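Spelled out from the first residue to the last, the chains are:
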Amino acid sequence: MGWISSILGTDKSDDPLGKLDPKLREFLEKESPVKYTPTEPATFTTPPHSQTQSNTNTSPAASEQQGSSVVPRQSLYQDGRYADLWKTYRPLADIEAETASDHDKLMSVLESFKARKEAIAKAALENCSELQEEWINCMKHGSWEDQLQMCRHQVRRFEKCYTMQSRFLRALGYGSVPGRSMVVEEDIQMHADALYGRLVDHEAAVEKAKAEGLPIPVFEPAVPKTKPNMVIPREELQQQWKEQLEKLPEEERALEEAALRGDLQAKSEVADKVQQIWDTQKEERKKRQAEGNSTFGDYVSSLFGKGGK
């Protein structure tokens, strides 16, 4: 009944043929082309000293292999796999920067500045999507009174959200650094949405305080303050800002001023990049003139004073 113990799992023998009839086993061993020999479990222990020595001997090699298998962040396998395939890898941005002409570099800088406005508008619409949906639903399925007034209350709420969200995004520097990680941009967008939520709660608290005759709470938006390395506007520009801010309600002036400073900082960074490109052109033009390889474009540029002679 050896098969019963094998089914129930009570047979602890390592030889599966141990329970066979001796004659049957002799016949199988004689007729089988492969000789079966029962295996015995090998029990041995490695001395602790040898294990420590082997670990000591292999650790420098492993650390050297780990240090040599460095892969760029673009690789999906940061453990060092396919490191030999990544040895000659160069980011596409670096290759395009080397092969791009001066005109392409200028256009890239200007296009990134224009793209910032589009990115701010898109992010503000995303943050105000619920109010936009409320406006659309009002136009389609709203009450007759709201539709008779063209859903003006819903439109005002959406326009206010869009305006304030845009100011928060501009003040926080959304899209001001080309090539910045999208994770950082999304964090800025969520922070702007959170600030607008605080503003809405503050307005509700103000209305409640007025109705109950309590002191009106003061809202302090967490917008970036002026940093030492930020661009200081000229006196004429400050006068323009002052005239522009006087047209706004007092509670919106601080946020609008922070947004204007953010725009000025972004424009200044674009101007610095353009100036760097012009300085590079100037150095290359001087080098060609010293080598006697001036081109017609160099002559025209020197006439118009672009980048200096």
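Quick summary incoming for the structure in this document. This is a predicted model, so every value here is computed, not measured. (Residues numbered from 1 in each chain as written. Predicted model: local features only at pLDDT ≥ 70, side-chain atom pairs only at ≥ 80, totals over all residues. Heavy atoms only, no water.)

### Remarks on the overall build of the protein
Link 1 in the chain: Scanning the protein for helices and strands turns up 12 helices and zero strands.
Link 2 in the chain: In the protein, the succession of helices and strands from N to C terminus is α-α-α-α-α-α-α-α-α-α-α-α.
Link 3 in the chain: For the protein, long-range pairs separated by at least 24 residues make up 54% of all intrachain contacts whose partners lie at least 6 apart in sequence.
Link 4 in the chain: As presented, the protein carries roughly 23,300 Å² of accessible surface, and 55% of it is formed by carbon and sulfur atoms. (Helix = DSSP H or I, 4+ residues; strand = E, 2+ residues; numbered from the N terminus. Contact = heavy atoms within 4.5 Å. Areas by Shrake-Rupley, 256 points an atom, 1.4 Å probe, with all protein chains shown as cover.)

### Regarding the pattern of salt bridges
Link 1 in the chain: Enumeration according to the criterion identifies 10 salt bridges in this entry.
Link 2 in the chain: Ionic pairing is found between D263 and R116, a salt bridge with its closest N-O pair at 3.2 Å. Of the two residues, D263 sits in helix α11 (residues 250–291) while R116 sits in helix α5 (residues 102–127), which places them 147 residues apart along the sequence.
Link 3 in the chain: According to the relative accessible area criterion, D263 is buried, its value standing at 17%.
Link 4 in the chain: Each of R116, R167, R170, E252, E256 and D263 takes part in salt bridges that share partners, so that together they form one network. (Salt bridge = Lys/Arg side-chain N within 4 Å of Asp/Glu carboxyl O. Buried < 20%, exposed > 50% of the residue type's maximum accessible area, 1.4 Å probe, protein only.)

### So, helix α9 (residues 182–212)
Working note: α-helix, 3.6 residues per turn, so residues spaced by three or four point in the same direction.
Link 1 in the chain: Along its 31 residues, α9 runs 45 Å from first to last C-alpha, staying within 8% of the 45 Å computed at 1.5 Å per residue.
Link 2 in the chain: Burial in α9 covers these residues: E185, I188, Q189, A192, L195, Y196, L199, H202, V206 and A209.
Link 3 in the chain: Count one or two residues on from α9 and you reach G213, which has phi positive near 75°. (Expected span 1.5 Å × (residues − 1).)

### Here we look at a nonpolar patch on the surface
Link 1 in the chain: On the surface, L76, Y77, Y82 and L85 cluster together into a nonpolar patch covering about 480 Å² of accessible area.
Link 2 in the chain: Here L76 lies in the loop between α3 (48–68) and α4 (92–99). (Patch = residues over 30% accessible without salt bridge, like charges linked within 9 Å, V, L, I, M, F, W, Y side chains within 5 Å.)

### So, the packing of helix α10 (residues 235–246) against α11
Link 1 in the chain: Two numbers describe how α10 lies on α11: the axes approach to 10 Å, and their chain directions differ by 145°. In the packing of α10 onto α11, the handedness of the crossing is right-handed. Here α10 contributes L237, W241, Q244, L245 and E246 to the contact with α11, which in turn contributes R253, E256, E257, L260, R261 and L264.
Link 2 in the chain: Looking at the contact of α10 with α11 residue by residue, the classes come out as five nonpolar, one polar and five charged. (Axes fitted to C-alpha atoms, helices over the stretch in contact; angles between N-to-C directions. Left-handed = near helix turned anticlockwise from the far one by under 90°. Nonpolar A, V, L, I, M, F, W, Y, C, P; charged D, E, K, R; others polar.)

### Concerning the packing of helix α6 (residues 129–141) against helix α8 (residues 152–171)
Link 1 in the chain: For the pair α6 and α8, interaxial distance at closest approach is 9 Å and the crossing angle is 160°. Our classification of the angle between α6 and α8 gives roughly antiparallel. Note on packing geometry: the crossing formed by α6 with α8 is left-handed. Between α6 and α8, the contacting residues are L131, Q132, E134, W135 and C138 on the first element and Q154, V155, R157, F158 and C161 on the second.
Link 2 in the chain: Along the lines of polarity and charge, the residues of the contact of α6 with α8 split into six nonpolar, two polar and two charged. (Parallel < 35°, antiparallel > 145°, perpendicular 65-115°, else oblique.)

### Re the state of the cysteines
One covalent bond between the sulfur atoms of two cysteine residues makes up a disulfide.
Link 1 in the chain: Evaluated as defined, the whole model comprises two disulfides.
Link 2 in the chain: At a sulfur-sulfur separation of 2.0 Å, the disulfide partner of C128 is C161. Handedness here is read from the sign of the S-S torsion; for C128 and C161, about -90°, the answer is left-handed. Of this pair, C128 sits in the loop between α5 and α6 while C161 sits in helix α8; the two residues are 33 residues apart in sequence, bridging distant segments of the chain. The pair formed by C128 and C161 is uniform in burial state, with each residue classed as buried.
Link 3 in the chain: Paired through a disulfide, C138 and C151 show a sulfur-sulfur distance of 2.1 Å. Torsion about the S-S bond of the C138 and C151 cystine: about -95°, corresponding to left-handed handedness. Of this pair, C138 sits in helix α6 while C151 sits in the loop between α7 (144–148) and α8, and the two are 13 residues apart along the sequence.
Link 4 in the chain: The exposure class of C138 is buried, given its relative accessible area of 4%. (Disulfide = S-S within 2.5 Å.)

### A word on the packing of aromatic side chains
Link 1 in the chain: Under the defined criterion, the tally for this structure stands at four aromatic pairs.
Link 2 in the chain: Measuring from ring centre to ring centre gives 4.9 Å for W86 and Y89, while their planes differ by 70°; the resulting arrangement is edge-to-face.
Link 3 in the chain: In this structure W86 comes out as partly exposed when scored by relative accessible area, which is 23%.
Link 4 in the chain: Ring-pair connections join several aromatic residues into one group, and the members of that group are W135, F158 and Y162. (Phe/Tyr/Trp six-rings, centres within 6.5 Å; stacked < 30°, edge-to-face > 60°.)

### Focus on the environment of K122
Link 1 in the chain: Counting through the fold element by element, K122 comes out in helix α5.
Link 2 in the chain: Through-space distance from the C-alpha of K122 to that of Y162 is 10.0 Å; in sequence the pair is 40 residues apart.

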